[in-house]
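What the coordinates show
Below are the chains, spelled out letter by letter.
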Amino acid sequence: MGLVASSTTISLGTMAAVTENQSNRDANHDAALRSVHTSNFPDLLDQLGITLLVTTYQAGKLVMLRSDQGVLNTHFRMFDKPMGLAADADRIAIGTAMQVHEFHNIPAACNRLQSSRLHDACFLPRVTHHTGDIDVHEMAWVQDDLVFVNTRFSCLAKRSGTYNFVPVWRPSFINQNVPDDCCHLNGMAVCDGNVRYVTALGDSNKPSGWRANKKEGGILIDVQSNEIAARGLSMPHSPRWHDGKLWLLNSGSGSFGTIDLASGRYEPMVTLPGFIRGLSFYGPLAFIGLSQVRETAVFTEIPIADLPMEQRCCGVWVVNLQTANVIAFVKFEDAVQEIFAVEVLPGSRYPELVNEDRELMGNTYELPDTPLADDAGTGDSSPG
C-alpha cells in the first residue's frame, strides 16, 4: 500500500523510536527534546524534497524536521516565543514575542557551515522589525508584503519603516485599534494573491470577550465582504485555500475539514488526538500540528480537553486528502508540549538557519549583481 505524491510512491511505515535525532543534535540542546515517529516519515520528506518548519512558543524553538540519509533529524533554533511562520524557497519569516525576523537563503554560505553534512540552503538574517507585544499569530507574504495577524489589536497588519505596525484590515465588529484581544483573531487564508478568509474565536468587541464561548463561538470571516461566513466553530485555526476548497482546523474538537461556503457548514474529514493548530499542504498531503494543551483556563470547556492528558499528542500528523487517512506522524515528547505553526519549506531537504553564529553572520554579504555605475571611469563610487 502506498501514496502517490509529486510523482513519487511513498510507502506506509510503522511506529519507530527516534534513535538519533540526538546524534545530529547540537551539543547544547536539551536531551529532553526527543521524539518518536512512523518509520516512513524521513523517506516522505526526502522523496518530496521538503523540510518541515515548526514553531513551539512553549519551548521557545523553531524546529526543522529534515531527512538525514533515512534518519529523521530534528534541528532546533532558539527564539523568544516563536509563533507565526511564512516560508518559501528563498525566505523565512518568524513572528516572536516582540519582533518579526526575516531570513534569506544565501546558498553560497552553505560551504562555510561547520557541518559534516552538505546543506542545500542556508538562511541568514536580513530584517528584524520591532512590533512590540502584539501576540503575532499567522503570517504570509501577500504581493511581496508580509501580512500578519495582530491578535492583541484584533487586526491584520504589515510592517512599517516608521511605526510598530500598520493595520490593514479589521473585523466589522471591532471599532478601534486597541490591544484588548477582543475576538482572538488568529489565522488567515490567502487566495488569488490576497488574504481572503480569517478565523477568530468569537465576534466580541469587548476585552477578551471571546473567552465567554470558547466551545462553539468560533467564526470564519470573509475579508473581502467583512461578513461572517461560518459560525459555531470550536476555537478554529489555520484556514487555508487549497485545491479549490477552504480548509481549516476546528481545534477545540481536534478535527480537520472544510467549510461549505454556500451554507457555512463545517464538514470534518478526520479527528486527531490533540489540539490541532498549524497547517501546510504539499500536493495531496496535509501536514497538521498537534498540541497536548495544558490544564489552563484557556483550554477548558472544549471537547479535546475531555481527552485524558496521556492520550493527547504533540507533533505533526500527515493526512492524505485523497483517502482521509493518517499516513505518517512525528510525536514530540517531554519538553515540547505545544506548537503553533507548521510550514513546508519546498525544494530543500537539508537547510540551515543561522541566528547565533556571529562570525558567519558578520562576514557573509549579499550584494546586487549590477555594480554601481562608474560614469567618470575613475572607480569613485562614493555618494554625493
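Residues numbered from 1 in each chain as written. Predicted model: local features only at pLDDT ≥ 70, side-chain atom pairs only at ≥ 80, totals over all residues. Heavy atoms only, no water.

Brief notes about unusual backbone geometry
Stated formally: Working definition: helices are DSSP H or I runs of at least four residues, strands are E runs of at least two. Numbering for both runs from the N terminus. Only protein chains enter the calculation, and the probe is 1.4 Å; a residue is then buried if its accessible area is under 20% of its type maximum, exposed if over 50%, and partly exposed in between.
The backbone of Lys-81 sits at a positive phi, close to 55 degrees, despite the residue not being glycine. Residue placement: Lys-81 occurs in the loop between strand 7 (71–78) and strand 8 (85–88). Judged by its relative accessible area of 34%, Lys-81 falls in the partly exposed class. The residue Asp-144 is not glycine, and still its phi comes out positive at about 75 degrees. By the secondary structure assignment, Asp-144 is in the loop between strand 12 (136–142) and strand 13 (145–150). What makes Asp-144 exposed here is its relative accessible area of 57%.

Comments concerning the nonpolar core
Generally speaking, soluble globular proteins have nonpolar side chains that are buried together. For clarity, the cut-off: Nine residue types can take part in a nonpolar core, namely buried Ala, Val, Leu, Ile, Met, Phe, Trp, Tyr and Cys, and a core is a set of them joined through side-chain atoms within 4.5 Å.
By size, the foremost hydrophobic cluster in this structure holds 26 residues, and its most contacted members are Phe-41, Leu-65, Phe-287 and Val-316. Sorting the residues of this core by element identifies helix 1 (41–48), strand 5 (50–56), strand 6 (61–68), strand 7, strand 25 (285–291), strand 26 (314–320), strand 27 (325–334) and strand 28 (342–346) as the ones contributing at least two each. The next biggest cluster of nonpolar side chains, apart from the first, holds 18 residues, and it includes Trp-169, Ile-174, Cys-183 and Val-198.

Some details on the environment of Asp-243
Residue position: Asp-243 is located in the loop between strand 20 (236–242) and strand 21 (245–250). Measuring from C-alpha to C-alpha, the distance between Asp-243 and Gly-283 comes to 8.7 Å, with 40 residues separating the pair along the chain.

Focus: the sheet that holds strand 18 (residues 218–222)
Convention followed: Pairing between two strands is assigned when DSSP locates at least 2 bridges connecting them. Axis definition: a line fitted to C-alpha atoms, over the contacting stretch in the case of helices. Angles run 0 to 180 degrees between N-to-C directions.
If you trace the four strands from one edge of the open sheet to the other, you get 16-17-18-19, paired in antiparallel fashion. What marks the edges here is a single partner per strand, and that holds for strand 16 (185–191) and strand 19 (227–233). In this sheet, neighbouring strand axes are inclined to one another by 20 degrees on average, regardless of whether the strands run parallel or antiparallel. Bridging between strand 16 and strand 17 (residues 194–200) involves six bridges; their strand directions are antiparallel. Note that in strand 17 the partner of Leu-185 across the bridge is Ala-200.

So, helix 1
Using the following cut-off: Directions are taken from the helix axis to each C-beta atom, and the arc is the one they span.
Turning to helix 1, its buried residues are Phe-41, Pro-42, Leu-44, Leu-45 and Leu-48. The arc that holds every buried residue of helix 1, seen down its axis, measures 160 degrees, which confines them to one face. Following helix 1 by one or two positions, Gly-49 adopts a phi angle in the positive range, close to 70 degrees.

Some points on the pattern of salt bridges
Which entries qualify depends on this criterion: We define a salt bridge as a side-chain nitrogen of Lys or Arg found within 4 Å of a carboxyl oxygen belonging to Asp or Glu.
Counting across every chain of the model gives 19 salt bridges. Between Lys-158 and Asp-145 there is a salt bridge; the shortest N-O distance is 3.2 Å. Taken together, the residues Lys-158 in strand 14 (residues 155–158) and Asp-145 in strand 13 connect sequence positions 13 residues apart. Residue classification places Lys-158 among the partly exposed positions, given a relative accessible area of 26%. Judged by relative accessible area, which is 35%, Asp-145 ranks as partly exposed.

Observations concerning the pairing of strand 24 (residues 275–282)
In terms of burial, strand 24 is largely enclosed, as seven of its eight residues are buried. Two successive antiparallel strands, strand 24 and strand 25, enclose a turn made up of two residues, where Gly-283 displays a positive phi of approximately 60 degrees.

Let's talk about a nonpolar patch on the surface
How we decide: Residues enter patches when they are more than 30% accessible in relative terms and free of salt bridges; like-charged ones are connected within 9 Å and nonpolar ones (Val, Leu, Ile, Met, Phe, Trp, Tyr) within 5 Å. Each accessible area is a Shrake-Rupley estimate made with a 1.4 Å probe; only the visible protein chains count as cover when residues are assessed.
A cluster of nonpolar side chains, Tyr-163, Val-166 and Val-168, forms an exposed patch at the surface whose accessible area comes to about 280 Å². With respect to the helices and strands, the residue Tyr-163 is situated in the loop between strand 14 and strand 15 (166–169).

Quick look at the side chain of His-242
We apply this condition: In protein, a polar contact means a hydrogen-donor-capable atom and an acceptor-capable atom, both N or O and within 3.5 Å, with residues adjacent in sequence counting only if both atoms are side-chain atoms; elsewhere, any N or O pair within 3.5 Å suffices.
Its location among the elements puts His-242 in strand 20. Among the polar contacts made by the side chain of His-242, one reaches the main-chain carbonyl oxygen of Gly-283 at a distance of 3.0 Å.

Comments concerning the sheet that holds strand 15
One open sheet accounts for four strands, arranged 12-13-14-15; its pairing is antiparallel. The sheet is open, and its two borders are formed by strand 12 and strand 15, each paired with just one other strand. Strand-to-strand twist in this sheet, taken as the mean axis angle between neighbours without regard to direction, amounts to 35 degrees. Here strand 13 pairs with strand 14 via four bridges, running antiparallel. By the bridge assignment for strand 14, Val-147 is matched with Lys-158.

Considering the side chain of Arg-91
For clarity, the cut-off: In this analysis, two residues are considered to be in contact whenever any of their non-hydrogen atoms come within 4.5 Å of each other.
With respect to the helices, strands and loops of the structure, Arg-91 is situated in strand 9 (residues 91–95). Classification of Arg-91 by relative accessible area gives buried; the value is 19%. Separated by 3.0 Å, the side chains of Arg-91 and Asp-144 make a polar contact. Among all residues touching Arg-91, those that are not within four sequence positions of it are Ala-86, Glu-102, Phe-103, His-104, Phe-123, Trp-141 and Asp-144.

A closer look at the confidence of the model for the chain
Threshold: Each residue carries a pLDDT score, the predictor's own confidence in it, on a scale running from 0 to 100.
For the chain, per-residue confidence averages 89 on the pLDDT scale, and 87% of positions sit at 70 or higher. The model gives residues 1–28 a pLDDT under 50, and that stretch makes 62 contacts with residues more than four places away or in other chains.

Some thoughts on the pairing of strand 13
For strand 13, a buried count of five out of six residues is recorded, marking the element as mostly surrounded by other parts of the structure. Pairing analysis gives five bridges linking strand 12 to strand 13, with the strands arranged antiparallel. Pairing of Val-136 across the sheet is with Asn-150, part of strand 13. In textbook terms, the turn of a hairpin is the stretch between consecutive antiparallel strands, and for strand 13 and strand 14 this stretch comprises four residues, one of which, Ser-154, has a positive phi near 55 degrees.

Here we look at the environment of Leu-48
Within the secondary structure, Leu-48 is located in helix 1. Measuring from C-alpha to C-alpha, the distance between Leu-48 and Gly-283 comes to 9.6 Å, with 235 residues separating the pair along the chain.

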